[in-house]
Amino acid sequence: MKNIVEIASENTDFSTLVAAVVAAGLADTLSGDGPFTVFAPTNEAFAKLPAGTVEELLKPENKEKLASILTYHVVAGKVMSKDLSDGQKAATVNGQEVTVTMADGVKVDTATVTAADLEASNGVIHVIDSVIMPN
């Protein structure tokens, strides 16, 4: 079974995410043992950000900010969709919490989960339609 980074790298919908993970220096971490739960924004999700945001974040001088945003999309442990509950709070790797709601589809903060439970050797990926931002 492939790891999280390998799965994302083979899916063209995640090319922006993979470029960001590499630019932030997180590829080795997310290829490691884990387990990790990754809320993975698609290219379309990144495209919703204001014009120039992604390009700005990919610059070397913004590596820490980019890493902070990306680690906000990662929860330690393997959390399958059946383990989620409405109003659940989950601590992210960046130290802040995301909130799961289930009233109008499954959401993580403001992002809707569009595909769930893509299993990897070191965790699971849930695809989301927006980039979520830490406070």
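Heads up: the structure comes first, above all this text.
The structure presented is a predicted model; accordingly, all values stated were derived computationally and were not measured.

Calculation rules
All chains use their own residue numbering, which begins from 1 and follows the written sequence. Residues qualify for local features only when their pLDDT is at least 70, as the model is predicted, and side-chain atom pairs are given and counted only at 80 or more; totals for whole chains, interfaces and linings, by contrast, use all residues. The side-chain values count all of the structure's non-hydrogen atoms but skip hydrogen atoms and water molecules. Think of it this way: any DSSP run of H or I at least four residues long counts as a helix, any run of E at least two long counts as a strand, and we number them from the N terminus. Atoms counted for the radius of gyration: C-alpha only. Globule rule: 2.2 Å times residue count to the power 0.38. Contact criterion: two residues are considered in contact whenever any of their non-hydrogen atoms come within 4.5 Å of each other. Method for areas: the Shrake-Rupley scheme with a 1.4 Å probe, in which residue coverage is limited to the protein chains shown. Asp and Glu are treated as the negative residues and Lys and Arg as the positive ones, with His and the ends of the chain left uncounted. By convention, the point assigned to a charge is CZ for Arg, NZ for Lys, CD for Glu and CG for Asp. Only protein atoms enter the 1 Å grid, on which a cavity is a set of points fitting a 1.4 Å probe that cannot get out and a pocket is an open set with protein on both sides within 12 Å along at least 5 of 7 lines, lining residues being those with an atom within 4 Å of a point. Grid points are joined across faces, edges and corners, and a volume is the space filled by probe spheres set on the points. Only protein chains enter the accessibility calculation, which uses a 1.4 Å probe. A residue is then buried if its area is under 20% of the maximum for its type, exposed if over 50%, and partly exposed in between. Only strands that DSSP links by at least two bridges are regarded as paired with each other. Just so you know the grouping, Ala, Val, Leu, Ile, Met, Phe, Trp, Tyr, Cys and Pro go in nonpolar, Asp, Glu, Lys and Arg go in charged, and all remaining residues, Gly too, go in polar.

Colleague: Explain the overall build of the chain to me, please; I cannot follow it from the model alone.
Modeller: Within the chain, the secondary structure is distributed over 6 helices and 7 strands. The secondary structure elements of the chain, listed N-terminal to C-terminal, are α-α-α-β-α-α-α-β-β-β-β-β-β. Here the C-alpha radius of gyration of the chain, 14 Å, is about what a compact globule of 135 residues would show, namely 14 Å. Along the three orthogonal principal directions, the C-alpha set of the chain runs to about 40 × 35 × 25 Å. A sequence separation of at least 24 residues applies to 62% of the contacts in the chain between residues at least 6 apart. Counting every atom, the chain has about 6,900 Å² of accessible surface; 53% of that belongs to carbon and sulfur. Where the 9 positive side-chain charges of the chain centre and where its 18 negative ones centre are 2 Å apart.

Colleague: Where do I start with the layout of surface pockets in this structure?
Modeller: A probe matching the size of a water molecule, rolled over the atoms, marks out where space remains unfilled. Estimates place the volume of the largest pocket at around 240 Å³. Around the largest pocket, the lining is made up of 20 residues, and of these Ile4, Val21, Leu30, Val38 and Val74 lie nearest the centre. The set of elements that each furnish at least two residues to the lining of the largest pocket consists of helix H1 (4-9), helix H2 (15-23), helix H3 (27-31), strand S1 (36-41) and helix H6 (63-71). Considering every element that reaches the lining of the largest pocket, the biggest residue donor is S1, with 4 residues.

Colleague: Explanation requested: H6 in the structure shown.
Modeller: For H6, the full list of buried residues reads Leu66, Ala67, Ile69, Leu70 and Thr71. Contact partners of the buried residues in H6: H2, helix H5 (53-57) and strand S2 (74-76).

Colleague: Can you help me understand the sheet that holds S1 in this one?
Modeller: Backbone hydrogen bonds hold the strands of a sheet together, and the pairing may be parallel or antiparallel. The sheet built from 7 strands is open, its strands ordered S2-S1-S7-S6-S5-S4-S3 with mixed pairing. A single partner strand is all that each edge strand has here, and the edge strands are S2 and strand S3 (89-91).

Colleague: Explain empty space enclosed by the protein to me, please; I cannot follow it from the model alone.
Modeller: The tally for this structure, following the rule as stated, stands at 1 cavity of 30 Å³ or more. Estimates place the volume of the largest cavity at around 40 Å³. Around the largest cavity, the lining residues are Thr37, Phe39, Val75, Val79, Leu84, Gln88, Ala90 and Val100. Residues that form the lining of the largest cavity fall into these classes: 6 nonpolar, 2 polar and no charged.

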